[in-house]
Amino acid sequence: MPEVEMTEVIRRNAQARRYELLLDGVLAVIVAYREHGDRLEFIHTETLAGFTGQGLAGKLAAYAVQDGIDRGLRLVPYCPFIAAWLQKHPEFSDSVDLLG
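Heads up: these notes are all about the structure in this document. Just so you know, these numbers come straight off a predicted model, no measurement behind them. Residue positions are given per chain, counted from 1 along the sequence in the order it is written. This being a predicted model, a pLDDT of at least 70 is required before a residue's local features are given, and a value of 80 or more before pairs of side-chain atoms are given or counted; all residues contribute to the totals for chains, interfaces and linings. The side-chain quantities take in all heavy atoms of the structure and omit both hydrogens and water.

## Comments concerning unusual backbone geometry
When glycine is set aside, most residues are seen to have a negative phi, and most peptide bonds are trans.
Part 1 of the argument: Despite not being glycine, arginine 17 shows a phi value in the positive range, around 55 degrees.
Part 2 of the argument: With respect to the secondary-structure elements, arginine 17 resides in the loop between strand E1 (8-13) and strand E2 (18-23).
Part 3 of the argument: Burial classification: accessible surface area is computed with a 1.4 Å probe over protein chains only, and a residue below 20% of its type maximum counts as buried, one above 50% as exposed, and the rest as partly exposed. On the basis of relative accessible area, arginine 17 is assigned to the exposed category, the value being 52%. Helical segments are the DSSP runs of H or I of at least four residues, strand segments are the runs of E of at least two, and each set is numbered from the N terminus.

Next comes the structure, spelled out in structure tokens:
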């Protein structure tokens, strides 16, 4: 049986203050954030039921981090998932403000 290609959309939804990954128009993963001045604070990552274990949260994390950097913001990982993702990707460490 041939593998079916799903349409993937990754975007920043500024009105909802979250990054979104959609598969075939269905919301699969969100990364909630808030902005304070020059800081992009990641506060929550959630993979919705039926979409876990596919590496989608990591894809969205990469997009969100790069978007923040491209917009000249400092990254603040309150979300444990984003914090762990950033630890695995030290190439972004110059843009990260550590907590506390």
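## Notes on the layout of surface pockets
Part 1 of the argument: For each structure, a 1 Å grid was placed over the protein atoms alone; sets of points admitting a 1.4 Å probe that cannot get out are labelled cavities, open sets with protein on both sides within 12 Å along at least five of seven lines are labelled pockets, and lining residues have an atom within 4 Å of a point. Grid points are joined across faces, edges and corners, and a volume is the space filled by probe spheres set on the points. Taken as a whole, the largest pocket holds about 190 Å³ of empty space.
Part 2 of the argument: Residue lining of the largest pocket: 11 residues in total, with Ala83, Leu86, Gln87, Val96 and Leu98 positioned closest to the centre.
Part 3 of the argument: Tallying contributions element by element places helix H2 (residues 80-88) first for the lining of the largest pocket, with 3 residues.

## A look at the side chain of serine 95
Part 1 of the argument: By the secondary structure assignment, serine 95 is in the segment after H2.
Part 2 of the argument: Serine 95 sits in the buried class, given a relative accessible area of 16%.
Part 3 of the argument: Ignoring any residue separated from it by four or fewer positions in sequence, one finds serine 95 in contact with Ile69, Leu73, Arg74 and Leu75. By definition in these notes, contact holds between two residues if any of their heavy atoms fall within 4.5 Å.

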